[in-house]
Amino acid sequence: MVSGSRYTLDPRYRRFPSILHALAHAAERQPDRPGLAVPGAGGDRVLGYAQYAAAVAAMARRFQAQGVRGKAVAVVMGNGLEASIALMGAMAAGALAAPVNPNYTPAELEPLLKDVGPHILCCDPEHEQRLRPIAARLGVPHVAPLPPGTAEGLLREPPAPLPLPAADDASVMFFTGGTTGLPKGAAHTHSTLMAYCYGVGALWPLEFGVERVLNVAPLFHIWGFCFTLVYPVYIGATMHLLPAYKPGEVLAAFERHRITVFAGGPPTMYVGLRAHENYRKTDFSSIRWCMSGGAPCSEELLRAWREETGSTILEGIGMSEGAPIAQMPMRGAHKVRSVGVVGPDTEVEVVDLETGTKALPPGQAGEIRVKGPQFIKGYRNRPEETAKAFRDGWLYTGDIGYFDEDDYLFVVDRKKEMILVGGYNVYPREIDEVLAKHPAILEVATVGVPDSFSGEAVKSYVALKPGASLDKASLEAYCKERLVKYKLPKHIEFLDTLPKTGVGKINKLDLKARG
């Protein structure tokens, strides 16, 4: 077992019961410093920290007036000022904030919203018409479209104190994959989010009140959420949030805002930046650190980025159930293909695949299991899946890896069949469930295949019912109506029959070998 107890939080950092306490502290200490900035039609929309706290307090008061304490607020919105204030306001009001991908189809959204059971559903105005029928079917009491300008409008309301939740109150829920074919909810408390801050701060000790952070990752993902609304607030940074990843806009933002830290994401993001026509023309001189997670960076990418930009990519690993697990330290050895070292108050073991109980020595690969104050205790409404993943106080990650002699963690494979498409988690079972409902399809199996652009791509193998006919174009159109873009099969192959194992199961190893 490797413990991160030897790593401690930088003494400059404080401990808070919740991220709202940290926001109040930043507003008091540096009221005029820009806290959150997003692009707008007439230029950047910026909230200083005092304004940031005031807008969150006003939004929380709106939510409280609708009796939201102890209930859930679903935020089905893209990256922006309104989504950020809604999520922070929901947590301040004592509710469980549940960010959901707004690009999902209605068929994907409805089961997730049913699981959330929101008292309020916040949305971008352009999604309102699509969401209201779902809300009506689920009996959601309030649908609240939040148009651009809502955040500034909140500042014109009578001042209200910022509510400060307790450490054990519910904070936010992220969706992760489930063996039933539907994502499962990982619901956090404020204490788990603050444990995230302490873990990140111990190994990535950024300067308080100095950093200018750029993020493009979506708020509905734990990486985007924590690198927009949690850690930057904790260190009093200026957060520049872009609506989406567009290489040209990212490169322009580096220069325009003199960014010091790029929150980054999967390595495909860096590959895309290096391929852009403006990459060689960009001034990277302000950037000191860049972060990466979700998939391993190649040695060539790490070397080239350092040489070309003068900044270092630091890799780490976490999951919706809790983060971080390990990070490459700012101060210390940087090892290629490693996700770094274990942070404070966290324990990690690599155990045998057969029993999951025997700790393995350095250099020997097995399943990674973890425990620490940043992890949830179970999945929302999923007792069977909770029992499978959480055993004897350990969370079994489903990742296969090993430690070296210096206690650096290496992830070599995924025990799960998850496909990573440009940093997005895609679960084959979800694709299979959609395809299996097509009247012409007898059986289907989806696997991940290597892809030079996105790291992995979705490939579905399909066998038709006797006498049925279906072409690739028709099946692609069927999928587009039911799946978000990154889940769409990039490759579809029709087979007379799918290969089987000796016990009659579809042999996905055989299919993956076909490429």
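Thresholds applied
- Residues numbered from 1 in each chain as written.
- Predicted model: local features only at pLDDT ≥ 70, side-chain atom pairs only at ≥ 80, totals over all residues.
- Heavy atoms only, no water.
- Helix = DSSP H or I, 4+ residues; strand = E, 2+ residues; numbered from the N terminus.
- Rg over C-alpha atoms; globule rule 2.2 N^0.38 Å.
- Buried < 20%, exposed > 50% of the residue type's maximum accessible area, 1.4 Å probe, protein only.
- Contact = heavy atoms within 4.5 Å.
- Axes fitted to C-alpha atoms, helices over the stretch in contact; angles between N-to-C directions.
- Parallel < 35°, antiparallel > 145°, perpendicular 65-115°, else oblique.
- Left-handed = near helix turned anticlockwise from the far one by under 90°.
- Nonpolar A, V, L, I, M, F, W, Y, C, P; charged D, E, K, R; others polar.
- Polar contact = N/O pair within 3.5 Å; in protein donor to acceptor, adjacent residues only side chain to side chain.
- Pairing = 2+ DSSP bridges.
- Salt bridge = Lys/Arg side-chain N within 4 Å of Asp/Glu carboxyl O.
- Phe/Tyr/Trp six-rings, centres within 6.5 Å; stacked < 30°, edge-to-face > 60°.

Side note on the overall build of the protein chain
Check the secondary structure of the protein chain and you find 15 helices and 26 strands. Computed over the C-alpha atoms, the radius of gyration of the protein chain is 23 Å, within 12% of the 24 Å expected from 2.2 N^0.38 for a compact globule of 515 residues. The principal-axis extent of the C-alpha atoms belonging to the protein chain is close to 70 × 55 × 50 Å. By the burial criterion, 58% of the 515 residues in the protein chain qualify as buried. Pairs at least 24 residues apart make up 68% of the contacts formed inside the protein chain by residues separated by at least 6 positions.

Some words on the packing of helix H1 (residues 19–29) against helix H2 (residues 49–65)
Closest axis-to-axis distance for the H1/H2 pair is 8 Å, and the angle between their directions is 140 degrees. By the angle class used here, H1 and H2 are oblique. With respect to the hand of their crossing, H1 and H2 are arranged in left-handed fashion. Within the contact between the two elements, H1 uses Leu 20, Leu 23, Ala 26 and Ala 27 and H2 uses Tyr 49, Ala 50, Tyr 52, Ala 53 and Val 56. Across the contact of H1 with H2, the residue classes break down as 9 nonpolar, no polar and no charged.

Overview of the side chain of Thr 260
In this fold, Thr 260 is placed in the loop between helix H9 (247–256) and strand S12 (261–265). When its relative accessible area of 7% is taken as the criterion, Thr 260 is described as buried. Within the structure, the side chain of Thr 260 is placed 2.7 Å from the side chain of Glu 211, a separation counted as a polar contact. In contact with Thr 260, other than residues within four places in its own chain, are Glu 211, Arg 212, Ser 286, Ile 287, Arg 288 and Trp 289.

Considering the pairing of strand S3 (residues 45–48)
Along any regular strand the residues' side chains alternate between the sheet's two faces. Here 4 bridges tie strand S2 (residues 34–38) to S3, and the two strands are oriented antiparallel to one another. What sits directly across from Pro 34, in S3, is Gly 48. Counting the residues that bridge the hairpin from S2 to S3 gives 6 residues, and of these Gly 43 lies at a positive phi of roughly 125 degrees.

Some thoughts on the pattern of salt bridges
Pairing is possible between side chains of opposite charge, provided their charged atoms come close. Overall, the coordinates contain 27 salt bridges when judged by the stated rule. Salt-bridge contacts for Arg 369 lead to Glu 349; the nearest nitrogen and oxygen are separated by 2.6 Å. One end of the pair, Arg 369, is in strand S18 (residues 366–371); the other, Glu 349, is in strand S17 (residues 347–351), and 20 residues separate them in sequence. Residue Glu 349 is classed as buried on the basis of its relative accessible area of 11%. A cluster of three or more residues bridged by salt bridges with shared partners is formed by Arg 45, Glu 82 and Glu 152.

Topic: the environment of Cys 197
On the secondary structure map, Cys 197 appears in helix H7 (residues 190–203). Residue class for Cys 197 comes out buried when judged on its relative accessible area of 0%. Sequence-wise, Cys 197 and Arg 15 are 182 residues apart; in three dimensions their C-alpha atoms are separated by 9.0 Å. Filtering out sequence-adjacent residues up to four positions away, Cys 197 remains in contact with Leu 9, Ile 19, Val 230, Tyr 231 and Tyr 234.

Looking at helix H11 (residues 299–309)
Note: α-helices contain 3.6 residues per turn, so residues at a spacing of three or four share the same orientation. The set of residues buried in H11 consists of Leu 301, Leu 302, Ala 304, Trp 305 and Thr 309. Taken together, the buried residues of H11 touch helix H10 (267–275), strand S13 (289–292) and strand S14 (312–319).

Regarding the packing of aromatic side chains
Overall, the coordinates contain 19 aromatic pairs when judged by the stated rule. Measuring from ring centre to ring centre gives 6.0 Å for Tyr 198 and Tyr 234, while their planes differ by 65 degrees; the resulting arrangement is edge-to-face. Remark: Tyr 234 occurs in helix H8 (residues 222–234) and Tyr 198 occurs in helix H7; sequence separation between them is 36 residues. In terms of burial, Tyr 198 and Tyr 234 fall into one category: buried. The interplanar angle of 75 degrees and the centroid separation of 5.7 Å between the aromatic rings of Phe 262 and Tyr 270 together place this pair among those described as edge-to-face. Residue Phe 262 is classed as buried on the basis of its relative accessible area, which comes to 0%. The exposure class of Tyr 270 is buried, given its relative accessible area of 0%.

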